[in-house]
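Listed below, chain by chain, are the residues.
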Amino acid sequence: QVQLVESGGGLVQAGGSLRLSCAASGRAFSTMGWFRQAPGKEREFVAAITWRPIFTYYADSVKGRFTISGDNAKNTVYLQMNTLKPEDTAVYYCAASINYCSVYGCNRPSTFGSWGQGTQVTVST
């Protein structure tokens, strides 16, 4: 059974940092990534990473502030979030795909077939 478990969310002041983790089990994936959803808004792409070769993709809104990394052998992905802003407040979801996301679009939720339950990130002013 496929399972994605996120951890690392919380409350942080603007300008601070958080690190999210996601551990996947049940099968191997070619792509893992992060999406987020704020209240009243659609789920939006944050970042993705492919294995073999390693490519990373970022939403323009987080470039230079967030870094995605991972361990393919452990089926684990991380999201280091620095210089957080109140507009980064959202539920962050880990996602995984058996395909390389560049084939179907890394920023499309439909590219990813497996999802975690989400972890809340709140950035205060």
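None of these values were measured; they are calculated from a predicted model.

Q: I'm lost on the sheet that holds strand β3 (residues 18-25) in this one. Help?
A: The strands that make up a sheet pair up through hydrogen bonds in the backbone, lying either parallel or antiparallel. A sheet is described by the order of its strands in space; here four strands give the open sequence β1-β3-β8-β7, paired in antiparallel fashion. Edge positions in the sheet fall to β1 (3-7) and β7 (66-71), since each has one partner strand and no second. On average, each strand axis in the sheet is tilted by 15° relative to the strand beside it, whichever way the strands run.

Q: Please clarify how the state of the cysteines should be interpreted in this entry.
A: By definition, a disulfide links the sulfur atoms of two cysteines through a covalent bond. Tallying each qualifying case throughout the model produces two disulfides. Two residues share a disulfide in this structure: C22 and C94, whose sulfurs sit 2.0 Å from each other. Across the S-S bond linking C22 and C94, the dihedral sits near -80°, which makes this disulfide left-handed. Highlighted residues: C22 in strand β3 and C94 in strand β9 (residues 90-97), separated in sequence by 72 residues. In terms of burial, C22 and C94 fall into one category: buried. Across the disulfide from C101 sits C106; the S-S distance is 2.0 Å. Taking the sign of the S-S torsion, about 75° here, the bridge from C101 to C106 comes out right-handed.

Q: Can you walk me through the environment of I98 in this structure?
A: Summarising the element assignment, I98 is placed in the loop between β9 and β10 (114-115). With 16 residues separating them in the primary sequence, I98 and S114 have C-alpha atoms 9.0 Å apart. With residues up to four places along the chain from it excluded, the contact list for I98 reads R27, A28, F29 and S30.

Q: Help me understand the side chain of R36 in this model?
A: Along the chain, R36 turns up in strand β4 (residues 31-37). R36 gets classed as buried once you look at its relative accessible area, which sits at 5%. Side chain to side chain, R36 and D88 meet in a polar contact 2.9 Å long. Residues contacting R36, with those up to four places away along its chain left out, are E42, R43, E44, V46, S61, V62, F66, E87, D88, A90, V91 and Y92.

Analysis parameters
Residues numbered from 1 in each chain as written. Predicted model: local features only at pLDDT ≥ 70, side-chain atom pairs only at ≥ 80, totals over all residues. Heavy atoms only, no water. Pairing = 2+ DSSP bridges. Helix = DSSP H or I, 4+ residues; strand = E, 2+ residues; numbered from the N terminus. Axes fitted to C-alpha atoms, helices over the stretch in contact; angles between N-to-C directions. Disulfide = S-S within 2.5 Å. Buried < 20%, exposed > 50% of the residue type's maximum accessible area, 1.4 Å probe, protein only. Contact = heavy atoms within 4.5 Å. Polar contact = N/O pair within 3.5 Å; in protein donor to acceptor, adjacent residues only side chain to side chain.

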